[in-house]
Amino acid sequence: MSKVYLEDYNVGEVFDSPARTLTETDIINFAGLTSDWHPLHTDTTYAENSRFGKRIAHGMLVLSVGMAQLFRISTDTILAKEFVAFYGMDKVRFTAPTFIGDTIKAQATVIEIDYKNPDSGVLLYDVVISNQNDETVCRFDMKLFVARQPS
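Residues numbered from 1 in each chain as written. Predicted model: local features only at pLDDT ≥ 70, side-chain atom pairs only at ≥ 80, totals over all residues. Heavy atoms only, no water.

**Q** Could you clarify how one ought to interpret the overall build of the protein in this entry?
**A** The secondary structure content of the protein amounts to 4 helices and 6 strands. Each helix and strand of the protein, ordered N terminal to C terminal, gives the series β-β-α-α-α-α-β-β-β-β. Each principal axis of the C-alpha atoms in the protein carries an extent, and together these give about 60 × 30 × 25 Å. Counting every position in the protein, which comprises 151 residues, the buried fraction comes to 40%. Carbon and sulfur atoms provide 49% of the accessible area of the protein, an area that totals close to 8,000 Å². Put simply, the protein has 14 plus and 20 minus side-chain charges, and the middle of one group is 2 Å from the middle of the other. (Helix = DSSP H or I, 4+ residues; strand = E, 2+ residues; numbered from the N terminus. Buried < 20%, exposed > 50% of the residue type's maximum accessible area, 1.4 Å probe, protein only. Areas by Shrake-Rupley, 256 points an atom, 1.4 Å probe, with all protein chains shown as cover. Lys, Arg positive; Asp, Glu negative; His and termini not counted. Charge placed at Lys NZ, Arg CZ, Asp CG, Glu CD.)

Dropping the structure here:
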């Protein structure tokens, strides 16, 4: 299943990541790293009185961990061997809260292959991050810049 060049991908191809449980340590470390100490993430009493009833993970933590889970599938799959750069992401939506102890995983589906020039192109994925109940918690389009097979 190793991918080397942009031409090794097909529209409709699906990749499923392993799962990972988010812990309180993850949330505190992320808050420290980003300086986002919003009480919804870090204050139990505050969060108990919120619409969620308990602390939730930062959306960007869920996005980061969920996306990184895809890279655990194996070397040279989601990222082709001739991967050049992360090109961007669009349409990021957080559709449900993620709580301490929730287990998330990601699924990426190739939705477009854009052959920009003879040397490279962009691989577009629809990425869905879901929890242990198969509820979508985050969804986005991810773009990767990938080299093309030499002619």
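Alright, that's what it looks like, and here's the rest.
**Q** What is the right way to read helix 1 (residues 24-34) from this model?
**A** Since one α-helical turn is 3.6 residues long, residues separated by three or four positions face the same way. Buried within helix 1 we find Asp26, Ile27, Phe30 and Ala31. Projection of helix 1 onto a plane perpendicular to its axis shows the buried side chains occupying an angular sector of 130°, all on one side. Facing away from the buried side of helix 1, by more than 90 degrees, are the exposed residues Thr25, Asn29 and Leu33. The secondary structure elements touched by the buried residues of helix 1 are strand 2 (20-21), helix 2 (39-42) and helix 4 (59-70). (Arc of directions from axis to C-beta. Contact = heavy atoms within 4.5 Å.)

**Q** Explanation requested: the packing of aromatic side chains in the structure shown.
**A** Two aromatic rings are characterised by how far apart their centres lie and by the angle between their planes. Summed over all chains, the structure comprises 3 aromatic pairs. Ring geometry for Tyr87 and Phe145: centres 5.5 Å apart, planes at 15°, overall stacked. Residue Tyr87 is found in strand 3 (residues 83-94), and its partner Phe145 is found in strand 6 (residues 136-147); the two are separated by 58 residues along the sequence. For Tyr87, a relative accessible area of 44% corresponds to the partly exposed category. A cation over a ring is seen here: Lys3 above Tyr9, with NZ or CZ 5.2 Å from the ring centre. Directly above the aromatic system of Phe99 lies the positively charged group of Lys54, at a separation of 4.6 Å from the ring centroid. (Phe/Tyr/Trp six-rings, centres within 6.5 Å; stacked < 30°, edge-to-face > 60°. Lys NZ or Arg CZ within 6 Å of the ring centre and 35° of its normal.)

**Q** When you look at the pairing of strand 4 (residues 103-114) in this model, what are you seeing that I'm missing?
**A** Regular strands place side chains that alternate from one sheet face to the opposite one. Direction of pairing for strand 1 (residues 14-16) relative to strand 4: antiparallel, over a ladder of 3 bridges. Directly across from Phe15, in strand 4, lies its bridge partner Ala108. In the sheet, strand 4 pairs with strand 5 (residues 120-130) via 9 bridges, with the strands oriented antiparallel. Its bridge partner being in strand 5, Asp114 is matched across the sheet by Val122. If you look at the hairpin formed by strand 4 and strand 5, you'll find 5 residues sitting between the two strands. (Pairing = 2+ DSSP bridges.)

So far we have only geometry, and geometry alone does not tell us how the molecule works.
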